[in-house]
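Okay, here's what each chain looks like letter by letter:
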Amino acid sequence: MTEKAERLRQARIKAGYRFASDAANALGIVASTYRAHENGQNEFEFAEAKIYARKFNVDPVWLMGGNASDPTSILSTRVIDPPNAKVGAKLVGRGKKIPVFGQAVGGVDGEFLMNGTVLYEVMAPPILSDISGAYAVSVSGDSMSPRYEDGEVCFVDPERRVRKGDYVIAQIRLEEGGALLAYVKKFLRHNSSELVLEQFNPQKELHFEAHTVHSVHYIALAGNA
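Per chain, residues are indexed from 1 in the order of the written sequence. Confidence filtering applies because this is a predicted model: local features only for residues at pLDDT of at least 70, side-chain atom pairs given and counted only at 80 or more, and all residues used for totals across whole chains, interfaces and linings. Note that the side-chain values use all heavy atoms of the structure and ignore hydrogens as well as water.

1. Here we look at the packing of helix α2 (residues 20-27) against helix α4 (residues 46-56)
Moving on, step 1. Packing of α2 against α4 leaves a shortest axis separation of 11 Å and a crossing angle of 100°. Comparing the axis directions of α2 and α4 gives the class roughly perpendicular. In contact with Ala23, Ala26 and Leu27 of α2, α4 contributes Ile51, Tyr52, Lys55 and Phe56.
Moving on, step 2. Here the nonpolar group is Ala, Val, Leu, Ile, Met, Phe, Trp, Tyr, Cys and Pro; Asp, Glu, Lys and Arg are the charged ones; every other residue, Gly included, is treated as polar. Residues that form the contact of α2 with α4 fall into these classes: six nonpolar, no polar and one charged. Orientation is described by axes fitted as lines to C-alpha atoms, over the contacting stretch for helices, and by angles from 0 to 180 degrees between their N-to-C directions. For the purposes of this entry, the term helix denotes a DSSP run of H or I that reaches at least four residues, the term strand denotes a run of E that reaches at least two, and both are numbered from the N terminus. We call two directions roughly parallel when the angle between them is under 35 degrees, roughly antiparallel when it is over 145, roughly perpendicular when it lies between 65 and 115, and oblique otherwise. Here, two residues are considered to be in contact whenever any of their heavy atoms come within 4.5 Å of each other.

2. Remarks on the pairing of strand β1 (residues 97-101)
Moving on, step 1. Note on pairing: two strands pair once DSSP finds at least 2 bridges between them. Across five bridges, the pairing between β1 and strand β3 (residues 118-123) is antiparallel. When the bridges of β3 are listed, Pro99 appears paired with Glu121.
Moving on, step 2. Sheet topology note: the β1/strand β4 (residues 135-138) ladder contains two bridges and is parallel. From the neighbouring strand, Val100 faces β4, where its bridge partner is Ala136.

3. Section: helix α1 (residues 3-14)
Moving on, step 1. With 12 residues, α1 should reach 16 Å at 1.5 Å per residue; the first-to-last C-alpha distance of 16 Å fits that figure.
Moving on, step 2. When we look at burial in α1, the residues that qualify are Lys4, Ala5, Arg7, Leu8, Ala11 and Arg12. Burial along α1 is one-sided: seen end-on, the buried residues are contained in an arc of 160°.
Moving on, step 3. Against the buried residues of α1 lie α2, α3 (31-38), α4 and α5 (60-63).
Moving on, step 4. Looking one or two residues beyond α1, the residue adopting positive phi is Gly16, at roughly 100°. Expected span, for any helix, means 1.5 Å times one less than how many residues it has. Summary of the burial criterion: residues with accessible area below 20% of their type's maximum are buried, those above 50% are exposed, and those between are partly exposed, where the area comes from a 1.4 Å probe applied to protein chains only. For this quantity, the arc is that covered by the directions from the helix axis to the C-beta atoms.

Any functional reading would require information that these geometric values do not contain.
The following block contains the structure:
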């Protein structure tokens, strides 16, 4: 066992943790990682020493093998900064729910019918809580993997201006009088003649005539809801 490892063991015992696993749980780290540091199997760096020192109430310099004979001696002369945070008042207020559109199985390019059917409702994330008309869509298929996976929820801001490179949901009416189809893709360009979107899996570009485009809305964020 190295001197650093032995000092870590002493600090842990002095702090009242009988077993290494108890200390690891208190630190919020994997027990095997901590044990490897304490038994000398793996070296720990100063950044880790500071974390251990704070929990065990010793000086990190001493843990790293410094000359102080008393592990608390340097701490006793150090000026501790006062806390710079305070507990604020409890936030009170009602959240906003938004609809999630989609369908269980998408088309070849992950498209799904945008017919107004709501799968369920979710709480709007803070970024969309004040956006009128905000909604979400459930991704169908893996056409945009690894960016978006099947079943992931995309939260949409219909008011934000879309720029090249943004991720969007585009609503397209391919046939006159036909249903709207929704595509979750990467935006490339939109002009008077066409809308061009990028797909990842398989990699390709999708081109839609401008007159078929109903809307192109910005995806603010995504995740599991």
